[in-house]
Amino acid sequence: MCWKLKRILFIGFFVLVMSNISFAQNLIPGLTVELQAESAQLYQADIESEHSGFTGSGYVNFVNQVGSYLEWTVENTEQTMASFTIIFANGGESRSLDILVNNTLVASEAFSTTGAWDNWQSKSLDIYILPGTSTIRLLSSGSEGGPNVDRMNITLFGSSSSGYPGDVNKDSLVNIVDSLLIAQFYVGVNPLDFYETMGDVNCDQDVDIVDALLIAQYYVGLVAPFSSCGGEPTAMPTPYVTNAPTAEPNNCYMPVQGQAVNHGIKLEGYGVGTTGGNGLNSVTVTNLSQLQSAIQSNRTIYVNGTISGSGMISVKDISNISIIGVGSNGRFQGCGLSFVRTSNIIVQNLTFVNASEDGINIEDTTAAWIDHNTFSTTVDWKSCKESSVKDQFDGQIDIKKNSANITVSYNYIHDACKAMLLGFSDGKEPDNYITYHHNRFENIGSRLPLIRHANTHVFNNYYKNILISGINVRMGANALIENNFFENVDDPILSADSDEIGYWNVSGNLYAPSGPTYTHNPEGADVIGEVVNCEVRSTTNWRMDYNYTLDSAVDVPATVIQYAGAGKM
């Protein structure tokens with residue numbers, strides 16, 4: 001079948017699929033309904049009335065960050081399409097909105113600068129929505145939130161058996177890519193197999209859009225089984241289910257205010273038993289030369305000042321050592337700590353800024369606890385896809401080359417392109433055992449962590465504003481991923497960029513502002529987590545065998561914001 005014909009058939013398929021999507025809320029076609037912003041559900045947004053020109057009792061002012069939203073719920077009874085008109089002010093380049101219907105992205109819109117908060121303008125777009133109960137969400141995708149929104153007017157076009165949403169992949173051309181995106185997302189199958197097999201089902205000696213519509217109708221149960229043109233029954237092929245995430249019909253996360261849970265300073269996970277210097281042979285240092293001298297002769301080192309330098313400060317062939325910050329004063333500027341062939345180490349309560357290589361590097365090391373530290377760089381995390389930016393600094397906590405029995409807990413990593421690496425390369429390494437819990441990750445590019453070969457427990461971590469990908473499980477690694485909170489995270493769980501995939505056992509996670517989001521398919525991705533009932537589907541039943549305290553995911557943001565990072569012990 002030629003490419004042009006495949007394109008026509010794809011379009012024919014989603015013409016029918018999308019014409020079965022309907023919209024109404026006690027409405028008749030042609031009626032305009034006004035949805036006031038103050039009647040919407042809000043997340044990180046407020047109703048204000050300080051400026052004039054709005055209707056109703058106020059307008060919505062978004063918090064200046066990605067992920068804030070307002071959302072309406074409507075009921076649909078008609079097969080139709082609708083015109084959405086958003087009345088807004090205070091727009092701008094960094095105040096864009098994603099439009100989601102039942103957590104499905106249907107449009108990404110920019111809003112012109114209005115010049116004043118009381119200069120109200122309108123923006124219109126045509127959108128299909130799913131039948132029955134539907135949610136319409138205006139989700140801020142700009143760094144300054146969205147524009148102020150007074151209301152949204154919805155005008156029903158009336159019943160329709162044709163029409164489609166057009167250029168959904170925003171490349172200025174309605175093409176096969178648009179067809180594939182819509183068919184896969186709403187139906188979960190690849191219709192190309194149907195068309196290749198069935199061919200000229202209406203027997204007019206021309207394989208065309210009519211055949212595509214008939215085949216699609218058969219699939220959704222609107223027509224009887226076909227007969228071939230010679231009169232013999234034709235078997236319908238089994239749908240080919242893609243690896244694309246499944247669309248979820250309802251909200252996966254309703255904003256609930258969790259509470260901070262205080263566990264105190266408690267070592268859990270694979271690092272249990274680590275004691276470090278245990279307070280013995282202690283010394284306090286205030287500069288780089290003092291620290292380098294202390295590493296050779298002391299086992300408990302307190303840092304009370306800024307250690308400035310570049311590259312890595314070596315801790316090599318040394319065991320039973322702790323390096324701990326004093327209050328909020330322990331700081332590393334431009335440099336990091338490298339532990340090679342060590343054992344029984346603790347790094348705690350330190351701040352690392354702009355480490356020119358890694359913040360903490362661990363190699364050939366057993367028994368370690370990395371706890372209550374803060375890591376950051378001065379990169380613009382929103383530019384981390386650019387090669388000139390993403391490689392400016394390396395990882396913040398990298399664990400590799402035969403390192404095992406390590407716990408990474410209550411750390412705060414923010415504004416960095418690369419967060420954490422586990423496993424040096426795709427080459428074979430032993431089965432290492434690492435725990436990551438109660439860490440706070442915010443404004444990060446990727447590697448949260450990037451895992452090769454290891455057996456890893458990832459629980460009660462808070463992920464916010466992750467640009468590229470979250471937990472990347474590769475090279476046969478196993479990860480138990482429990483009760484984490486993902487907020488505005490692109491591709492939260494996946495296996496990409498290695499010759500072999502990894503596996504995950506997933507439960508209890510929350511994904512805000514909606515369900516798990518997969519807004520792109522990274523180059524080289526082998527597996528993107530399939531979404532079922534608002535959770536990523538597990539691909540293994542692997543579990544670790546130690547005892548630990550597991551908090552509810554709803555309490556994770558409050559807990560780690562209050563307790564994770566340096567100066568919070």
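Residues numbered from 1 in each chain as written. Predicted model: local features only at pLDDT ≥ 70, side-chain atom pairs only at ≥ 80, totals over all residues. Heavy atoms only, no water.

**Considering the overall build of the chain**
In terms of helices and strands, the chain carries seven helices and 37 strands. For the chain, with 569 residues in total, the buried portion stands at 56%. By sequence separation, contacts in the chain at least 24 residues apart represent 68% of the contacts at least 6 residues apart. For the chain, the accessible area works out to roughly 22100 Å², and carbon and sulfur atoms hold 47% of it. (Helix = DSSP H or I, 4+ residues; strand = E, 2+ residues; numbered from the N terminus. Buried < 20%, exposed > 50% of the residue type's maximum accessible area, 1.4 Å probe, protein only. Contact = heavy atoms within 4.5 Å. Areas by Shrake-Rupley, 256 points an atom, 1.4 Å probe, with all protein chains shown as cover.)

**Considerations on the pattern of salt bridges**
For the structure on display, the rule yields eleven salt bridges. With a closest N to O distance of 3.4 Å, R151 and E34 form a salt bridge. With a gap of 117 residues between them, R151 in strand β11 (residues 148-159) and E34 in strand β1 (residues 32-36) connect regions that are remote in the sequence. By relative accessible area, E34 is classed as partly exposed at 44%. Taking the shortest distance from any N to any O, the salt bridge between E71 and R137 comes out at 2.6 Å. Placement of the pair is E71 in strand β5 (residues 69-76) and R137 in strand β10 (residues 132-140), with a sequence separation of 66 residues. Across this residue pair, the class does not change: E71 and R137 are buried. (Salt bridge = Lys/Arg side-chain N within 4 Å of Asp/Glu carboxyl O.)

**Digging into helix α5 (residues 288-297)**
Each α-helix winds once per 3.6 residues, and so residues spaced three or four apart point in a common direction. L291, A294 and I295 are the residues of α5 that are buried. Summarising the axial view, the buried residues of α5 lie within an arc of 105 degrees, below the 170-degree limit, and thus occupy one face. (Arc of directions from axis to C-beta.)

**Details of helix α7 (residues 556-563)**
The complete set of buried residues in α7 reads V556, P557, T559, V560 and Y563. Axial view of α7: buried residues confined to an arc of 165 degrees, hence all on one face. Lining the buried residues of α7 we find β25 (440-446), β28 (462-466) and β31 (485-489). Two residues or fewer after α7 comes G565, characterised by a positive phi angle close to 110 degrees.

**Some remarks on the packing of aromatic side chains**
Scanning the entire structure with this criterion turns up 14 aromatic pairs. Each residue in the set Y270, Y433, F459, Y546 and Y548 is aromatic and connected to the rest through ring pairs, giving one cluster. The side chain of R137 reaches across the aromatic face of Y69, ending 3.8 Å from its centre. For R440, the ring lying beneath its charged end belongs to Y412, and the centroid distance is 4.2 Å. (Phe/Tyr/Trp six-rings, centres within 6.5 Å; stacked < 30°, edge-to-face > 60°. Lys NZ or Arg CZ within 6 Å of the ring centre and 35° of its normal.)

**Details of the confidence of the model for the chain**
Of all residues in the chain, 71% attain a pLDDT of 70 or more, and the chain-wide mean is 79. Of all secondary-structure elements in the chain, the lowest mean pLDDT belongs to helix α1 (residues 3-19), at 37, while strand β15 (residues 343-348) reaches the highest, 98. Scored below 50 in pLDDT, residues 158-165 makes 26 contacts in the model with residues more than four places away or belonging to other chains. Predicted confidence is poor over residues 176-197, with pLDDT under 50, and the contacts of this stretch with residues over four places away or in other chains come to 73 contacts. (pLDDT = per-residue confidence, 0-100.)

**A closer look at the pairing of strand β27 (residues 455-459)**
Two faces belong to every sheet, and in a regular strand the side chains alternate between them. Among the five residues of β27, five are classified as buried, and the element is accordingly described as predominantly covered. Covered by surrounding structure in β27 are N455, H457 and F459 together with T456 and V458, the residues of both alternating faces. In this structure, strand β24 (residues 433-437) lies alongside β27, joined through five bridges in parallel fashion. In the strand pairing of β27, T435 is matched with H457. Pairing of β27 with strand β30 (residues 478-482), which is carried by five bridges, proceeds in the parallel orientation. Looking across to β30, one finds that F459 is bridged to E482. (Pairing = 2+ DSSP bridges.)

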